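Tertiary structure, described
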Amino acid sequence: IRGGELAGNGPQGRAFETELAERLQAPHVLAVSSATHALEIAIHLAGAQGGEVIVPSFTFPSVGNAIARAGGRIRFCEIREPDLNVDLDHALSLVGPSTRALVVTHYAGHPLDCRSIPIPIVEDAAHALGSSVEGHACGTLAAFGCLSFHQTKNLVAGEGGALIVREDDAAAAARIFREKGTNRDDFLTGRAKFYSWVALGSSLVLPEISAAIARVQLRKLDQIVNERRRVARLYDDGLSDLERAGTLRVVRATDEGVTSHHIYAVLVDPDRRDQIIEQMRRAGVQAASHFVPLHASPFGQQVAGQQELPRTDRVAASLIRLPIYPGLSDADASGVIDALRSSL
């Protein structure tokens, strides 16, 4: 505040971009006002207009909105178990002449290795800051990666996000889109004497206060992820007998890699899921379901028509998220396990 710069794309924002790029070993990082806006830029640059984008139905509406706003058609695909990431076999079976891209969601921070997929990929890595595959950070595995700094995420700036871009030309186009369709970035860096409207765009820069908060949180990210890992291990140990007995299944990573432990989720009998959540809440535990599949949502059916995705429907009806956050004590984790056992 004392520095006098409060709008986006200022010294704090640029410093945060540099620091995040160094951590992720990413060629280009653009701080933006939300992961939703990162997705909108990426889908636009992927050329979705008039084409089709394949996306897992079990994801957040921001993905569908980005495609629809870009003038693309949505084609929903199935997820796989046990990590609930994209079912690549099903997704690739849907590829046709009009396919422009596939959106890959690293659900719960569990990484999906999308480096060898033979179509353009947009990584929805909103859950996955701190996740990696063979030392490569999620969000950097494809042409575009999208991160979230919402208050529910591992790195919290209140609101905010980042777009990771591999190619130089695409990064230049993304900067124009982010700055209202102007070449203001060139003006700020002395490459242009004036700036003007040169392409389609919007106002999507990250405010300086949010960037300043994000810089501090980035320095704490390893500590945050390690704390989440501690809680996840407590749950793994405390629920192992129930999983062996088939009473529940833990949603866990399948690809070799490091997970951010953004979510800890289990799958239970779908006929009893809502009752179990209610009983846990009565016991003082904030358990929760998660996404309503986009193909089953009112607007999803309006823009994409009817699709049958039975595995997605079953998972969505079975899933319970358990509390996981830095500072959750061992005793509280034991209380969560006891409440889940009692409810089951």
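Residues numbered from 1 in each chain as written. Predicted model: local features only at pLDDT ≥ 70, side-chain atom pairs only at ≥ 80, totals over all residues. Heavy atoms only, no water.

1. Side note on the overall build of the protein chain
Along the protein chain, the regular secondary structure elements total 12 helices and 12 strands. For 344 residues, the compact-globule formula gives about 20 Å, and the C-alpha radius of gyration of the protein chain, at 20 Å, lands near that figure. Its C-alpha atoms put the protein chain at 70 × 50 × 35 Å along the principal axes. For the protein chain, the residues scored as buried account for 53% of the 344 residues in total. Long-range contacts, defined as pairs at least 24 residues apart, comprise 64% of the intrachain contacts of the protein chain with a sequence gap of at least 6. Element-wise, carbon and sulfur atoms account for 49% of the exposed surface of the protein chain, whose accessible area totals about 15300 Å². Averaging the coordinates of the 35 positive side-chain charges in the protein chain and doing the same for the 40 negative ones gives two points 4 Å apart. (Helix = DSSP H or I, 4+ residues; strand = E, 2+ residues; numbered from the N terminus. Rg over C-alpha atoms; globule rule 2.2 N^0.38 Å. Buried < 20%, exposed > 50% of the residue type's maximum accessible area, 1.4 Å probe, protein only. Contact = heavy atoms within 4.5 Å. Areas by Shrake-Rupley, 256 points an atom, 1.4 Å probe, with all protein chains shown as cover. Lys, Arg positive; Asp, Glu negative; His and termini not counted. Charge placed at Lys NZ, Arg CZ, Asp CG, Glu CD.)

2. So, the state of the cysteines
Structurally, a disulfide amounts to a covalent bond that connects the sulfur atoms of two cysteines. The tally for this structure, following the rule as stated, stands at zero disulfides. Here Cys-138 is not cross-linked by a disulfide; its sulfur's nearest cysteine counterpart is in Cys-114, at 7.6 Å. Residue classification places Cys-138 among the buried residues on the basis of a relative accessible area of 1%. Distance from the sulfur of Cys-146, which forms no disulfide, to the nearest cysteine sulfur (Cys-114) is 12 Å. Its relative accessible area of 0% is what places Cys-146 among the buried residues. (Disulfide = S-S within 2.5 Å.)

3. Quick look at the nonpolar core
Core analysis: the largest hydrophobic core is formed by 40 residues, its most contacted members being Leu-20, Leu-102, Leu-147 and Phe-149. Residue assignment for this core shows that the elements contributing at least two residues are helix H1 (11-24), strand S1 (28-32), helix H4 (88-93), strand S4 (99-105), strand S9 (161-165), helix H7 (208-219) and helix H8 (221-244). The dominant element in this core, judged by the number of residues it contributes, is H1, at four residues. Setting aside residues no more than four positions away along its own chain, Phe-149 makes contact with Phe-16, Leu-20, Leu-129, Leu-155, Val-156, Ala-157, Gly-158, Glu-159, Gly-160, Gly-161 and Ala-162. Counting residues in hydrophobic clusters, the runner-up holds 30 residues, among them Phe-144, Cys-146, Ala-174 and Leu-309. (Core = buried A, V, L, I, M, F, W, Y, C linked by side-chain atoms within 4.5 Å.)

4. A few points about the pattern of salt bridges
Scanning the entire structure with this criterion turns up 22 salt bridges. Between Arg-215 and Glu-19 there is a salt bridge, with the nearest N and O atoms lying 2.5 Å from each other. A residue pair is termed long-range when its members are at least 10 positions apart, and Arg-215 in helix H7 and Glu-19 in helix H1 qualify at 196 residues. Glu-278 is the salt-bridge partner of Arg-282, the closest N and O atoms lying 3.3 Å from each other. Placement of both Arg-282 and Glu-278 in helix H9 (residues 273-282) is noted, with a separation of four residues, approximately one turn of the helix. Given the relative accessible area of 36%, Glu-278 is considered partly exposed. Connected through shared salt-bridge partners, Glu-17, Arg-178 and Asp-185 make up one network. (Salt bridge = Lys/Arg side-chain N within 4 Å of Asp/Glu carboxyl O.)

5. Focus: the side chain of Asp-83
Assignment of secondary structure puts Asp-83 in the loop between strand S3 (73-77) and H4. Asp-83 gets classed as buried once you look at its relative accessible area, which sits at 0%. Excluding anything up to four places from it in sequence, Asp-83 contacts Tyr-107, His-110, Pro-111, Val-251, Arg-252, Ala-253 and Thr-254.

6. Concerning the sheet that holds strand S10 (residues 249-250)
Strands sit in the order S10-S11-S12 across an open sheet of three strands; the sheet is antiparallel. Because the sheet does not close on itself, it has two edges, and the strands there are S10 and strand S12 (319-322). The sheet contact formed by strand S11 (residues 264-267) and S12 spans four bridges and is antiparallel. Residue pairing for S12: Tyr-264 is matched across the bridge by Leu-322. (Pairing = 2+ DSSP bridges.)

7. Let's talk about the packing of aromatic side chains
Tallied over the entire structure, the rule returns seven aromatic pairs. Taking the centre distance of 5.2 Å and the plane angle of 75° together, the rings of Phe-58 and Phe-291 count as edge-to-face. Here Phe-291 lies in the loop between H9 and helix H10 (298-304) and Phe-58 lies in the loop between strand S2 (52-56) and helix H3 (61-69), a separation of 233 residues in the sequence. This pair shows no difference in class: Phe-58 is buried, exactly as Phe-291 is. Among the aromatic residues, those joined into a ring-pair cluster are Phe-58, Phe-60, Tyr-107 and Phe-291. (Phe/Tyr/Trp six-rings, centres within 6.5 Å; stacked < 30°, edge-to-face > 60°.)

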